[in-house]
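# Topology and contacts: notes
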Amino acid sequence: QVQLVESGGGLVQAGGSLRLSCAASGRTFSAYGMGWFRQAPGKEREFVAYISWSSGSTSHAESVKGRFTISRDNAKNTAYLQMNSLKPEDTAVYYCGARGRAGIRADQEPGYDYWGQGTQVTVSS
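If you're wondering where the values come from, they're calculated on a predicted model, not measured in any experiment.

## Overview of the overall build of the protein chain
- Counting its regular elements, the protein chain contains zero helices and eleven strands.
- Reading the secondary structure of the protein chain in the N-to-C direction produces β-β-β-β-β-β-β-β-β-β-β.
- The C-alpha radius of gyration computed for the protein chain amounts to 13 Å, which stays within 12% of the reference 14 Å derived for 125 residues, consistent with globular compactness.
- Dimensions along the principal axes, computed over C-alpha positions, put the protein chain at roughly 40 × 25 × 25 Å.
- Taking all 125 residues of the protein chain together, 45% fall into the buried category.
- Contacts in the protein chain between residues at least 24 apart in sequence constitute 56% of all its contacts with a sequence separation of at least 6.
- Of the accessible surface of the protein chain, which amounts to about 6300 Å², a share of 46% is contributed by carbon and sulfur atoms.
- Across the protein chain, the 13 positively charged side chains and the 10 negatively charged ones have centroids separated by 4 Å.

Encoded structure:
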């Protein structure tokens, strides 16, 4: 089992920044790729970013490229999502996940074995 706890969400004005954290406990954190997804009201959960276990590979959704950056610190069992130049359309609950199924694309939810409870990000215009 891996337990994931997100933090760092909040209310920010458009153009501002936030850094989300995802703290992991339980099984070996470094064995898992980590992803961030988000779900806005009335919409399906969507992929935001992914980082491999070694940080050697990252990917970001087109909608956040150049604004968001995923990273991780295996010594601290924590993954991060740095969000800059936030827009009102970034408003959503952000979830981190631990990807244990390498045969499923990293931008697909079924590839993830564990999820956090989510943290709310609200961007005002």
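## A closer look at the pairing of strand β4 (residues 33–39)
- Of all seven residues in β4, six are buried; the element is thus mostly enclosed.
- In the sheet, β4 pairs with strand β9 (residues 92–99) via seven bridges, with the strands oriented antiparallel. Considered in β9, the bridge of W36 is made with C96.
- Looking at chain direction, β4 and strand β5 (residues 46–51) are connected through five bridges and run antiparallel. Looking at the pairing, G35 lines up with Y50 of β5.
- Where β4 folds back onto β5 in an antiparallel hairpin, the turn is made up of six residues, including G42, whose phi is positive at roughly 75 degrees.

## Examining the state of the cysteines
- One pass over the full model with this rule turns up one disulfide.
- Shown here is the disulfide that connects C22 with C96, its sulfur atoms set 2.0 Å apart. Because the sign of the S-S torsion sets the handedness, a value of about 60 degrees for the bond joining C22 and C96 places this disulfide among the right-handed ones. Within this pair, whereas C22 is found in strand β3 (residues 18–26), its partner C96 is found in strand β9, the two being separated by 74 residues in sequence. Each member of the pair C22 and C96 is classed as buried.

## A word on the nonpolar core
- Judged by nonpolar contacts, the single largest core of 35 residues is most densely connected at L4, M34, W36, L81, M83 and Y94.
- Setting aside residues no more than four positions away along its own chain, M83 makes contact with G16, S17, L18, L20, R67, F68, Y94 and V121.

## With respect to the side chain of R38
- Among the secondary structure elements, R38 is positioned in strand β4.
- Within the structure, the side chain of R38 is placed 2.6 Å from the side chain of E46, a separation counted as a polar contact.
- Every residue in contact with R38, bar those within four places of it in the chain, is listed here: E44, R45, E46, V48, S63, V64, F68, E89, D90, A92, V93 and Y94.

What counts and what doesn't
- Residues numbered from 1 in each chain as written.
- Predicted model: local features only at pLDDT ≥ 70, side-chain atom pairs only at ≥ 80, totals over all residues.
- Heavy atoms only, no water.
- Helix = DSSP H or I, 4+ residues; strand = E, 2+ residues; numbered from the N terminus.
- Rg over C-alpha atoms; globule rule 2.2 N^0.38 Å.
- Buried < 20%, exposed > 50% of the residue type's maximum accessible area, 1.4 Å probe, protein only.
- Contact = heavy atoms within 4.5 Å.
- Areas by Shrake-Rupley, 256 points an atom, 1.4 Å probe, with all protein chains shown as cover.
- Lys, Arg positive; Asp, Glu negative; His and termini not counted.
- Charge placed at Lys NZ, Arg CZ, Asp CG, Glu CD.
- Pairing = 2+ DSSP bridges.
- Disulfide = S-S within 2.5 Å.
- Core = buried A, V, L, I, M, F, W, Y, C linked by side-chain atoms within 4.5 Å.
- Polar contact = N/O pair within 3.5 Å; in protein donor to acceptor, adjacent residues only side chain to side chain.

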